[in-house]
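Topology and contacts: notes
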Amino acid sequence: MPFFGGARGRMHYRRWPVGNDDSRACVVVLLPGIGQHSGHYHRFARTPRAAGIEMWALDTSGYGLSEGDPNNPGTLAELVADATMMVELVRAELPDTPTILMGHSLGAVTALGALGAAVPNRASATDDLNTVEADYPRTPSLSPETLAGLVLSGVPKRALGGGAPGAPGSPLPRSLPVLAVHGVEDRRAPIDAMRVWTRRHESVDLREYADAGHDLLHEPVHARVAADIAEWMQGVVVGSAQHR
């Protein structure tokens with residue numbers, strides 16, 4: 001079984017290969033939400049694989065086969081450290097393959113944290129940015145240039161204050177394509193905050209799903225969401241190739 005040494009112990013991950021290098025369009029690294037692990041994403045992986053997209057998924061600390069305490073998956077800095085090591089592992093294994101980072105819920109917060117952009121609104125946090133830095137890393141641990149794109153699902157409001165010019169946190173580069181998928185009926189992470197955040201970022205494509213809640217990849221709309229994500233990833237890869 002595949003493991004690597006994480007911030008607080010051995011971290012487990014799964015890989016869904018697509019075949020040889022010639023058939024692989026890109027690779028997506030998935031960071032699950034709280035209470036989930038890579039084993040919950042076998043069904044979703046079938047859709048990107050059919051489109052020539054290889055998928056890797058991390059078991060969050062304390063979940064699946066990763067070591068740790070499920071009641072304490074770690075600070076955002078620790079989660080970011082694990083995610084960064086995971087991406088670096090993928091990049092070392094597939095150095096010439098475009099890499100897309102994807103996160104759901106806590107995984108989406110972690111993905112933004114790895115880019116220094118998971119920071120709450122200053123008014124809702126504190127005026128002491130050193131205190132903010134302790135809980136929400138504002139310095140990217142992952143260079144955006146290593147990514148071909150970013151997919152965010154069900155992002156909680158607490159991470160959607162940063163990442164824009166003039167706000168705490170590192171701005172997301174305009175050159176980084178971002179897809180956000182969100183359920184209109186999401187009660188855990190209401191969509192209004194994501195709509196505001198999207199208007200502050202020109203590179204974000206927000207897809208809204210009516211009659212859908214927080215866990216889009218496991219709800220009745222899962223097939224349409226998965227198809228939209230795979231199609232968007234294919235478009236990102238084609239667009240990147242055209243701009244080389």
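This section reports on the structure supplied with the text. Computed from a predicted structure; not experimentally measured. (Residues numbered from 1 in each chain as written. Predicted model: local features only at pLDDT ≥ 70, side-chain atom pairs only at ≥ 80, totals over all residues. Heavy atoms only, no water.)

What about helix 1 (residues 42–50)?
Using the following cut-off: Exposed residues in this analysis have more than 50% of their type's maximum accessible area, buried residues have under 20%, and partly exposed residues fall in between, with area computed by a 1.4 Å probe over protein chains only. The secondary structure listing takes helices from DSSP runs of H or I that are at least 4 residues long and strands from runs of E that are at least 2 residues long, numbered from the N terminus. Along the arc lie the directions from the helix axis toward the C-beta atoms.
Listed as buried for helix 1 are Phe44, Ala45 and Pro48. Seen from one end, helix 1 has its buried residues packed into an arc of 100 degrees, which puts them on one side. Turned more than 90 degrees away from the buried face of helix 1, the exposed residues are Arg46 and Ala50.

Points about the pairing of strand 5 (residues 99–104)
Judged by how many residues are buried, strand 5 sits mostly within the fold: 6 of 6 residues are covered. Burial along strand 5 is two-sided: Thr99, Leu101 and Gly103 and Ile100, Met102 and His104, pointing in opposite directions, are all buried.

Quick look at the packing of aromatic side chains
Put simply, the rule reads: Pairing of aromatic side chains here covers Phe, Tyr and the six-membered ring of Trp, requires ring centres within 6.5 Å, and sorts the geometry by plane angle: under 30 degrees stacked, over 60 edge-to-face, intermediate tilted. To sit over a ring, a charge needs its Lys NZ or Arg CZ within 6 Å of the ring centre and within 35 degrees of the ring normal.
Overall, the coordinates contain 2 aromatic pairs when judged by the stated rule. Seen from their ring centres, tyrosine 13 and tryptophan 56 are 5.4 Å apart, and the 10 degrees between their planes marks the pair as stacked. Of this pair, tyrosine 13 sits in strand 2 (residues 10–16) while tryptophan 56 is found in strand 4 (residues 53–58), placing the two residues 43 residues apart along the sequence. Taken as a pair, tyrosine 13 and tryptophan 56 share a single burial class, namely buried. Stacked on the ring of phenylalanine 3, the Lys or Arg arginine 10 has its end atom at 4.0 Å from the ring centre.

A look at the side chain of glutamate 54
Applied cut-off: Polar contacts, as used here, are pairs of N or O atoms within 3.5 Å; protein pairs need one atom able to donate a hydrogen and one able to accept it. Residues neighboring in sequence count only if both atoms are side-chain atoms. The criterion used for residue contact is that any of the two residues' heavy atoms lie within 4.5 Å.
The topology assignment puts glutamate 54 in strand 4. Of the polar contacts made by the side chain of glutamate 54, one reaches the side chain of arginine 15; its length is 2.6 Å. Within the local environment of glutamate 54, its side chain forms a polar contact with the side chain of arginine 24, the two groups lying 2.9 Å apart. Excluding anything up to four places from it in sequence, glutamate 54 contacts Arg15, Trp16, Pro17, Val18, Arg24, Cys26, Val27, Val28 and Leu94.

So, the sheet that holds strand 5
Our working rule: By this definition, two strands are paired if DSSP reports at least two bridges between them. Axes here refer to lines fitted to C-alpha atoms; in helices the fit is confined to the stretch in contact. Angles between the N-to-C directions go from 0 to 180 degrees.
If you walk across this open sheet you meet the 8 strands as 1-2-4-3-5-6-7-8, and the pairing is mixed. Across the chains shown, the open sheet's two edge strands, defined by having one partner strand only, are strand 1 (3–5) and strand 8 (204–209). Looking at each pair of strands side by side, their axes are set apart by 20 degrees on average, direction ignored. Strand direction decides the pairing type here: strand 6 (residues 149–153) and strand 7 (residues 178–183), joined by 4 bridges, are parallel. In the strand pairing of strand 7, leucine 152 is matched with alanine 180.

Interpretation in functional terms is not warranted from these geometric data alone.
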